[in-house]
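Commentary on secondary and tertiary structure
Residue-level listing of the chains:
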Amino acid sequence: MPQIDKQSTQLSVLGITKRYGDFTALDRISMEIRQGEFLALLGPSGSGKSTFLNILAGFENATDGKILLGGGDVTSLPPEKRNFGMVFQGYALFPHLTVTQNIAFPLRVRKVAAAEQAQRVKEIIDRVGLAAHSDKYPRQLSGGQQQRVALARALIFSPTMLLLDEPFSALDKNLREQLQFEVSRIHREFGKTFVFVTHDQSEALSMADRVAIFEGGKLQQLGAPKEIYSKPKSEFVARFLGRINIFPLKNIRSEAGTVHGAFGDSLLRASGSATDNCQIAVRPEHTTLSSAPVPGDHNNVRVTIRGVAYHGATVALDLLSAHTASPQVLSLSMSADVWQRDYHLKSQDFWLSWAPEAGLLIPYARSTNS
């Protein structure tokens, strides 16, 4: 396995902006992409992530900004001069070529000698587990096998980095999960930089070294999955990256490194320093449900159960805060066995509880009219 310094910068993006008439698809995006890392570009449809990938690839031109590769300006270079591999959403395999011929195609275009072509194709076919399918045509392959052909074809000419545009979008859930492991393994083995577009949060969290979250053409946050999950910088990031319970506060004050605020008739606390524009949030996995408030300094919010969804080993609870002027919809997961044993026949109010150190302080989402 190649030894890669994942702290060294391979590609610098400086203030990239893309406008279509009066519409701004990308607004001054800046980031550094590190050598050998797996970077996921995550966001909802229309957030700008695919436009950004196409500008990296050279398929679209930026309106403003620069892209530096190893210190050299590649902003205006056409795709074929950038030496980037590309895996498209629909794989873009040639239907009249076999697996071997599809994978060899980039080498043929580059006029690599036939003997070297044959050796390199055999090596990469073995590495991606396609040796038994080398003479088949794309129509004879499963979706997962076609995906591996596309990956092998994109990697065979030793690209500077690999760009992947939602490559799992056409696959069912089980195959997606299987290929997530496969692509992660291939990334580790080849040591190339992967830039991967997805709208699937679990995909980004499980596969990437770092995640860049896009919304409204802006880069909202960039960091390691654990960092952005546990320390979201905005309400959008907090809500988009997994489930979260958010409580607007009144009468906010700080005391000894702890923020206090009122939510209905509950006093809530979280570690940190206060601003006039913050809310307390907590991930559902850090909360518990009980028939009485948890004593001590725990946060306690009275809730009613609005709905239950069975997921096999777990159940997801849809909760509603009680005794508040504006009820909040909240969520919690628990073991299906615990639910069946302790809760499912009870109809009274419950308490959602968590420790202050498990809470997050996040600013209110800015109004579009502000």
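Up top is the structure.
So, a few notes on the structure that sits alongside this text. Remember, it's a predicted structure, so these values are computed and weren't measured experimentally. (Residues numbered from 1 in each chain as written. Predicted model: local features only at pLDDT ≥ 70, side-chain atom pairs only at ≥ 80, totals over all residues. Heavy atoms only, no water.)

Quick look at the overall build of the protein chain
Looking only at helices and strands, the protein chain has 10 helices and 21 strands in total. A principal-axis box enclosing the C-alpha atoms of the protein chain has dimensions of 75 × 50 × 40 Å. Split into buried and exposed, the 370 residues of the protein chain put 47% on the buried side. Contacts spanning at least 24 positions in sequence make up 66% of the contacts within the protein chain whose residues lie at least 6 apart. Here the protein chain displays about 18000 Å² of accessible surface, and carbon together with sulfur accounts for 50% of that area. (Helix = DSSP H or I, 4+ residues; strand = E, 2+ residues; numbered from the N terminus. Buried < 20%, exposed > 50% of the residue type's maximum accessible area, 1.4 Å probe, protein only. Contact = heavy atoms within 4.5 Å. Areas by Shrake-Rupley, 256 points an atom, 1.4 Å probe, with all protein chains shown as cover.)

A short note on the sheet that holds strand β16 (residues 288-290)
In spatial order, the strands read β16-β20-β17-β18-β19; together these five strands make up an open sheet with antiparallel pairing. Every interior strand has two partners, whereas the edge strands, β16 and β19 (329-335), have only one. Each strand axis lies, on average, 45 degrees off the axis of its neighbour in the sheet, ignoring direction. Strands β16, β17 (299-310), β18 (314-321), β19 and β20 (350-354) of the sheet are contacted by helix α10 (residues 336-343), whose axis makes an angle of about 105 degrees with β19. (Pairing = 2+ DSSP bridges. Axes fitted to C-alpha atoms, helices over the stretch in contact; angles between N-to-C directions.)

Focus: the sheet that holds strand β15 (residues 278-282)
One open sheet accounts for three strands, arranged β11-β15-β21; its pairing is antiparallel. If you trace the sheet from one side to the other, it starts and ends with β11 (245-248) and β21 (360-363), each paired once. When strand polarity is set aside, the average angle formed by the axes of neighbouring strands in this sheet is 35 degrees.

Concerning the environment of Ala115
Mapped onto the elements, Ala115 comes out in helix α4 (residues 114-127). Along the primary structure Ala115 and Gln201 are separated by 86 residues, whereas in three dimensions their C-alpha atoms are 43 Å apart.

Description of the nonpolar core
Of all hydrophobic cores here, the largest spans 45 residues; its most connected members are Ile103, Leu162, Phe194, Val211 and Ile213. In terms of residue count, helix α5 (residues 143-155) provides more of this core than any other element does, six residues in total. In this structure, Val13, Met86, Leu163 and Ala212 belong to the second largest nonpolar core, which totals 24 residues. (Core = buried A, V, L, I, M, F, W, Y, C linked by side-chain atoms within 4.5 Å.)

Bear in mind that shape data such as this cannot, by itself, settle questions of function.
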